[in-house]
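# Observations on chain architecture
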Amino acid sequence: MSQEKELPLKENIIELACPSHGGLIREMAGKYGIPASEMLELSASLNPLGSPFDHPLGGLDLDSLLEHAMERFGQYPDNRYFEFRKAAVRFLDNGLSVENIVPGNGSCEIIRLVAESIVDQGDIVLIPHPTFTEYEQQCNVAGADVRYIGQDDIFDLSDDVLGSAKILFVCNPNNPTGKLHKREDILSLAKRCVSNNTLLFVDEAFIELADDPSQTITDTVIDNDHLFILRSLTKDFAIPGVRLGFGVASKTIANALNTARLSWNLGSIPEEIGIAMLNMEGGCNSPYLVASRKAIVNDRNYLTERISRIRKFKPLPSTVNYILVDISASSLDSVELSQRLAAHGVLIRDCSSFPSMGTDFIRIAVRPKEETDILSQAIGNVVVEKAREDAKADLVSMLESGDASPCGGNLDCPYYPCHSCEDQDCTLCFCPFYRCEDERTGGKWVDRSSGGQVWSCEDCVLVHEKDVVKELLDVLSEDGDMDRKLKKAWDKVLEPRL
C-alpha cells in the first residue's frame, strides 16, 4: 500500500483560487456559440476611442512601427529598457527621471513584483473593498495576511491599524466604483504611511481616462521611500493584448525593484509599441487622450441616462470610463443577468467576485452611443425573457397547487401598469402570450422612450375578462407541454373572440 505524498507546493499556493476578470470574449463566445467578432464587449473598461493606431488623433502607424521592431526580432531586449523608461518620464512630464521608472508586463506583474519584494509570510496587507481583485491574489501568492477595510475607511485608519501593515493598497480612481480621490487626501495618507513605516501602493491605472487626471501624485515619489504608484497602458490606449505598464517610485525603491523584476519582462515588440504611445506629443494631454476624456464624459452621461430608464436599475456616480450599477431591487441578480446578456452576445462585468458586493452589482464599460443602444435593447429583451419564463413557472405552480384564482397586481412587470388604471389587477401576472403581435387584440407597436419600439398591451383587456381567464385556465390545466397548451389556449379561447 503506497503512502500518499504531499504536493511540493506551498500551502498558500495550493489554496489559491483564480481571480475573476472581464474581457472573456473567447470563453463566452465558445460557451454560447456566438462568433467572437459578434460579441459586444462591455465587461472590460478600455478607451472607447480605440487604440491610437486606429484613431486619427493618435497619429501612429502600426505597420511601420512593427517593421522597425522586427529589426530586433533576433536579439534579446535591452533589459535596462532605457528608451521605454525615458518615454514614461516624458509622458508624465513632472520632473522625474528614468531612475524612477519600473517597466512591467502589465499591472498584474508589477503588483506581484511589489508584493514579493516587500511581503514576508504572514505580513499584514490592507485592501479596501470593493476593489481590484489582483491585489489580494498577488499578496496571497507572497503568503500575506490579507485584511479588508471599507472604502470609506481609507482615510480614517488608526495609527495602530496602519502601522500593523506592510502595504496599504489604494486604487484611484477605484475599480469598480469609479470614485476618484482628491490629490490632497492621498498625499495626507502618504505622510501617515511614512510615519507608520507602511508602503502606500496607489494604483492609477485609469487616471488618464478620469475626469481630472491632475489628481495624480506621481510627482511626489522623489523623496518618499514608502510610496509606489502603478500606471497602465492597457486602459489608456485600448491595447489589452499588449501587456504594458510601469511603476513609479523613489530611485532607491525603483532600483531595487528593477533588480528584482524578471529579466527581459518586456519583449522587443511590446517595448516599441509602448515607446511610441508614451512619446505622443502632449503626453497625458495629447490630442488623443484629451478627446478620449471628452468622449468618455459624453458617452458616460448617455449610458447613465439609458440605464436609469430601466426599472430597478440604479447607476452610481462615476468619474471614469465605467459605471457601477446597483440592481439589488431587480428580479435578476448579477450572475443571472450577466449570463443571460452573454447568451444574447453582450458582455458586462458581474461584480459578485468582488468582496462584499454579493450579487447586487454590475459594472458596465463606457462605450460609443450605438453600443449603449445595443446594450439597452439587450437588457430589455432579457427582462421580458425573464418575465415570460417566470410567468410560465407561476402558471405551472398555480395549476399544480390547484389555486387558479385571479391574482393581484404585478408590480414587478417592466411594463406595469399596462392599462390606464394604476391599481389594475393583472389576472395572469404577465400575459403568457406576450408578445402576440396581433393587433386584433388591441395591442400595437409603440415608440419606446429610450429608443426603438415595444409591443404595448395597453388597449388589450382579453386576459382580464374573468370568463376568458376561466377558459384559459381550463386548457392550461391539462397535461402536457406548456408551449403546446399555450398554443391550444390561443386557438381555442382567444382566436374565436378576435
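Our subject is the structure listed above.
All values derive from a computational prediction rather than experimental measurement.

## Examining the overall build of the protein
Broken down by element type, the protein carries 16 helices and 15 strands. Of the contacts made within the protein by residues no fewer than 6 positions apart, 69% connect residues no fewer than 24 positions apart. As displayed, the protein offers around 23,300 Å² of accessible surface, 50% of which is attributable to carbon and sulfur atoms.

## Details of helix α12 (residues 287–308)
Spanning 22 residues, α12 covers 31 Å between terminal C-alpha atoms, matching the ideal 32 Å at 1.5 Å per step. Residues of α12 that are buried include every one of Tyr 288, Leu 289, Ser 292, Arg 293, Ala 295, Ile 296, Asp 299, Arg 300, Leu 303, Arg 306 and Ile 307, and no others.

## Focus on the sheet that holds strand β6 (residues 199–203)
Across a sheet, paired strands are connected by hydrogen bonds in the backbone, their directions being either parallel or antiparallel. Strand order in the open sheet formed by seven strands is β2-β8-β7-β6-β5-β3-β4, and the pairing between neighbours is mixed. Because the sheet does not close on itself, it has two edges, and the strands there are β2 (101–104) and β4 (145–150). Direction aside, neighbouring strands of the sheet carry axes that sit 20° apart on average. Running at roughly 115° to β2, helix α4 (residues 82–92) makes contact with β2, β7 (227–232) and β8 (245–249) of the sheet.

## Structural notes on the pairing of strand β5 (residues 165–171)
Counting buried residues along β5, six of its seven residues qualify, which places the element largely inside the surrounding structure. Sheet analysis places strand β3 (residues 124–129) next to β5, joined by three bridges and oriented parallel. Note that in β5 the partner of Leu 126 across the bridge is Leu 168. Direction of pairing for β5 relative to β6: parallel, over a ladder of five bridges. By the bridge assignment for β6, Ile 167 is matched with Leu 199.

## Points about the environment of Asp 203
Relative to the assigned elements, Asp 203 resides in strand β6. Those residues in contact with Asp 203 that sit more than four places away from it in its chain are Phe 132, Tyr 135, Val 170, Cys 171, Asn 172 and Leu 230. Within the local environment of Asp 203, its side chain forms a polar contact with the backbone nitrogen of Ala 205, the two atoms lying 2.9 Å apart.

What counts, and at which threshold
- Residues numbered from 1 in each chain as written.
- Predicted model: local features only at pLDDT ≥ 70, side-chain atom pairs only at ≥ 80, totals over all residues.
- Heavy atoms only, no water.
- Helix = DSSP H or I, 4+ residues; strand = E, 2+ residues; numbered from the N terminus.
- Contact = heavy atoms within 4.5 Å.
- Areas by Shrake-Rupley, 256 points an atom, 1.4 Å probe, with all protein chains shown as cover.
- Expected span 1.5 Å × (residues − 1).
- Buried < 20%, exposed > 50% of the residue type's maximum accessible area, 1.4 Å probe, protein only.
- Pairing = 2+ DSSP bridges.
- Axes fitted to C-alpha atoms, helices over the stretch in contact; angles between N-to-C directions.
- Polar contact = N/O pair within 3.5 Å; in protein donor to acceptor, adjacent residues only side chain to side chain.

What is shown is where atoms sit, not what they do.
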